[in-house]
Amino acid sequence: MRKRRTARRPVAQELSAAETEKMLNKIGKLLKNKRQDRTTLESFSYEINISRSAMTRYEAGGDMYLSTFLKLLHGLDIKPEDFFKDI
């Protein structure tokens, strides 16, 4: 006797492109606000060794690697858990 296969539901729901964009925009705005409270774009970019254009892109909601995000938070002296309290 053969076992009948049942359709499996995914373990996690997929985030839509619109939801992803919305979250990246929130993260970018918050990064920008935190950075502006501390220093200029040029100074901060130089301090953490990220190009000015990349920093502008991230603050506008551009996607980035997690390692880059952690580098930004470290440069701002913010713990990830504290950063996400504001989102």
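Residues numbered from 1 in each chain as written. Predicted model: local features only at pLDDT ≥ 70, side-chain atom pairs only at ≥ 80, totals over all residues. Heavy atoms only, no water.

(A) How the structure looks around the packing of helix α1 (residues 17-38) against helix α4 (residues 66-75). Between α1 and α4, the least distance of the axes is 11 Å, while the angle of their chain directions is 30 degrees. Comparing the axis directions of α1 and α4 gives the class roughly parallel. The handedness of the crossing between α1 and α4 comes out as left-handed. Together, Ile-27, Leu-31 and Arg-38 of α1 and Phe-69, Leu-72, Leu-73 and Gly-75 of α4 make up the contact between the two elements. (Axes fitted to C-alpha atoms, helices over the stretch in contact; angles between N-to-C directions. Helix = DSSP H or I, 4+ residues; strand = E, 2+ residues; numbered from the N terminus. Parallel < 35°, antiparallel > 145°, perpendicular 65-115°, else oblique. Left-handed = near helix turned anticlockwise from the far one by under 90°. Contact = heavy atoms within 4.5 Å.)

(B) Examining the packing of aromatic side chains more closely. A full pass over the atoms with the stated rule returns three aromatic pairs. On the basis of an interplanar angle of 90 degrees and a centroid distance of 5.3 Å, the ring pair of Phe-83 and Phe-84 is categorised as edge-to-face. Here a set of aromatic residues connected by ring pairs shows up, and it is made of Phe-69, Phe-83 and Phe-84. (Phe/Tyr/Trp six-rings, centres within 6.5 Å; stacked < 30°, edge-to-face > 60°.)

(C) Quick peek at helix α3 (residues 52-59). Listed as buried for α3 are Ala-54, Met-55, Tyr-58 and Glu-59. In a view along the axis of α3, the buried residues occupy a sector of 135 degrees, so they form one face of it. Contacts made by the buried residues of α3 are with α1, α2 (41-48) and α4. Residue Gly-61 follows α3 closely and has a positive phi angle near 100 degrees. (Buried < 20%, exposed > 50% of the residue type's maximum accessible area, 1.4 Å probe, protein only. Arc of directions from axis to C-beta.)

(D) Structural context of α2. The set of residues buried in α2 consists of Leu-41, Phe-44, Ser-45 and Ile-48. Projected onto a plane normal to the axis of α2, the buried residues spread over an arc of 100 degrees and lie on a single side. Residues of α2 that are buried make contact with α1, α3 and α4. Count one or two residues on from α2 and you reach Asn-49, which has phi positive near 60 degrees.

(E) Local environment of a nonpolar patch on the surface. Together, Met-23, Phe-84 and Ile-87 make up a nonpolar patch on the protein surface, roughly 240 Å² of accessible area in all. Along the chain, Ile-87 turns up in the segment after α5 (80-85). On the basis of relative accessibility, which here comes to 34%, the residue Ile-87 falls in the partly exposed class. (Patch = residues over 30% accessible without salt bridge, like charges linked within 9 Å, V, L, I, M, F, W, Y side chains within 5 Å. Areas by Shrake-Rupley, 256 points an atom, 1.4 Å probe, with all protein chains shown as cover. Salt bridge = Lys/Arg side-chain N within 4 Å of Asp/Glu carboxyl O.)

(F) Broad picture of the pattern of salt bridges. Taken as a whole and judged by the stated rule, the model has four salt bridges. Among the salt bridges present, the one from Arg-35 reaches Glu-59, with a minimum N-O distance of 2.8 Å. A residue pair is termed long-range when its members are at least 10 positions apart, and Arg-35 in helix α1 and Glu-59 in helix α3 qualify at 24 residues. Residue class for Arg-35 comes out buried when judged on its relative accessible area of 6%. Of the residues examined, Glu-59 reaches a relative accessible area of 9% and is grouped as buried.

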